[in-house]
Amino acid sequence: EIEKLLGEWQEPEIKRKTSWKGISVNEILQFRETLNFMDGTHPLSVPFGRADTRQACMVSSQKVYRHLLMQTPGSRVLHIDTIMVLALGADGKLQKDKARGLIRLFRPDREGNLTLLDFVRSCDKLYKRLKTFQVSTNNSAQLDGKDNVESVISSKK
């Protein structure tokens with residue numbers, strides 16, 4: 001009877017069960033430190049500039065683009081090779097996973113060029129992903145924290 005009144009509901013499916021085996025206390029603390037860093041004014045990095053709001057992120061990304069463009073005098077658009085320096089390992093070799101990640105993030109044209117709009121759009125996409133992750137993590141923490149059923153029941157005793 002009550003089930004009918006509540007209506008139908010399908011249990012959500014966990015795509016990939018999280019295993020906490022092998023995760024150290026240090027890694028958990030590092031994750032918390034990263035979350036704290038994301039709450040600051042420079043969540044993408046201090047050299048990138050302020051990105052605590054979408055507007056600030058747009059301004060910072062334009063400054064970064066112009067700074068990178070100065071590395072290739074005479075060029076009107078940024079070439080992906082300028083950014084690929086980030087994918088170099090300590091040994092000077094290109095790390096393929098990082099290079100693929102940069103290409104997926106910035107999506108240069110067939111010649112490897114990035115316009116200012118393309119660059120800012122990519123940074124904006126990253127900003128949105130970061131903020132979405134930040135909100136979902138904070139919401140999960142609230143569910144795990146003081147707002148959970150167990151704490152409500154405990155406080156009634």
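Residues numbered from 1 in each chain as written. Predicted model: local features only at pLDDT ≥ 70, side-chain atom pairs only at ≥ 80, totals over all residues. Heavy atoms only, no water.

Enquirer: What's the story with the overall build of the protein in this structure? I'm lost.
Expert: Secondary structure assignment for the protein yields 7 helices and 2 strands. Taken from the N to the C terminus, the helices and strands of the protein come in the order α-α-α-β-α-α-β-α-α. Counting over 157 residues, the protein shows a buried share of 22%. When the accessible surface of the protein is split by element, carbon and sulfur atoms take 56% of a total near 12,900 Å². (Helix = DSSP H or I, 4+ residues; strand = E, 2+ residues; numbered from the N terminus. Buried < 20%, exposed > 50% of the residue type's maximum accessible area, 1.4 Å probe, protein only. Areas by Shrake-Rupley, 256 points an atom, 1.4 Å probe, with all protein chains shown as cover.)

Enquirer: Any chance you could explain a positive patch on the surface here in plain terms?
Expert: A cluster of basic residues, R104, R107, K125 and R129, forms a positive patch at the surface. With respect to the helices and strands, the residue K125 is situated in helix α6 (residues 116–144). (Patch = residues over 30% accessible without salt bridge, like charges linked within 9 Å, V, L, I, M, F, W, Y side chains within 5 Å. Salt bridge = Lys/Arg side-chain N within 4 Å of Asp/Glu carboxyl O. Lys, Arg positive; Asp, Glu negative; His and termini not counted. Charge placed at Lys NZ, Arg CZ, Asp CG, Glu CD.)

Enquirer: How should the environment of F119 be read in this particular structure?
Expert: Counting through the fold element by element, F119 comes out in helix α6. Sequence spacing of F119 and R107 is 12 residues, and the spatial spacing of their C-alpha atoms is 8.7 Å. Excluding its chain neighbours within four sequence positions, the residues that come into contact with F119 are S61, V64, Y65, L68, L78, I83, F106 and L114. (Contact = heavy atoms within 4.5 Å.)

Enquirer: Teacher, can you tell me more about the side chain of S61 here?
Expert: Relative to the assigned elements, S61 resides in helix α3 (residues 54–69). The exposure class assigned to S61 is buried, which follows from its relative accessible area of 0%. Of the polar contacts made by the side chain of S61, one reaches the backbone oxygen of M58; its length is 2.9 Å. Apart from residues lying up to four places away in sequence, S61 is in contact with F48, F119, V120 and C123. (Polar contact = N/O pair within 3.5 Å; in protein donor to acceptor, adjacent residues only side chain to side chain.)

Enquirer: Where do I start with the confidence of the model for the protein in this structure?
Expert: Parts of the prediction with low pLDDT should not have their coordinates interpreted in detail. When pLDDT is averaged along the protein, the result is 83, and 83% of the positions lie at 70 or above. When mean pLDDT is taken per element in the protein, strand β2 (residues 113–114) scores highest with 95 and helix α7 (residues 149–156) scores lowest with 51. (pLDDT = per-residue confidence, 0-100.)

Enquirer: Would you explain the environment of A56 in this entry?
Expert: You can see A56 is positioned in helix α3. Not counting residues up to four positions away in its chain, the partners in contact with A56 are R50 and A51.

Enquirer: So what exactly am I meant to see when it comes to α3 here?
Expert: Residues spaced three or four apart along an α-helix face the same direction, because each turn holds 3.6 residues. Under the 1.5 Å per step criterion, the end-to-end length of α3 is 22 Å for 16 residues, consistent within 8% with the ideal 22 Å. Regarding α3, the residues found buried are A56, C57, S60, S61, V64, Y65, L68 and L69. (Expected span 1.5 Å × (residues − 1).)

Enquirer: Explanation requested: the nonpolar core in the structure shown.
Expert: It is characteristic of soluble globular proteins that their nonpolar side chains tend to be buried jointly. Core analysis: the largest hydrophobic core is formed by 19 residues, its most contacted members being L78, I83, F106, L114 and F119. Mapped onto this core, the elements with two or more residues apiece are α3, α4 (80–84), α5 (96–106) and α6. At 5 residues, the largest contribution of residues to this core is made by α3. What I83 contacts, discounting residues up to four positions off in sequence, is L68, L78, L102, F106, L114 and F119. (Core = buried A, V, L, I, M, F, W, Y, C linked by side-chain atoms within 4.5 Å.)

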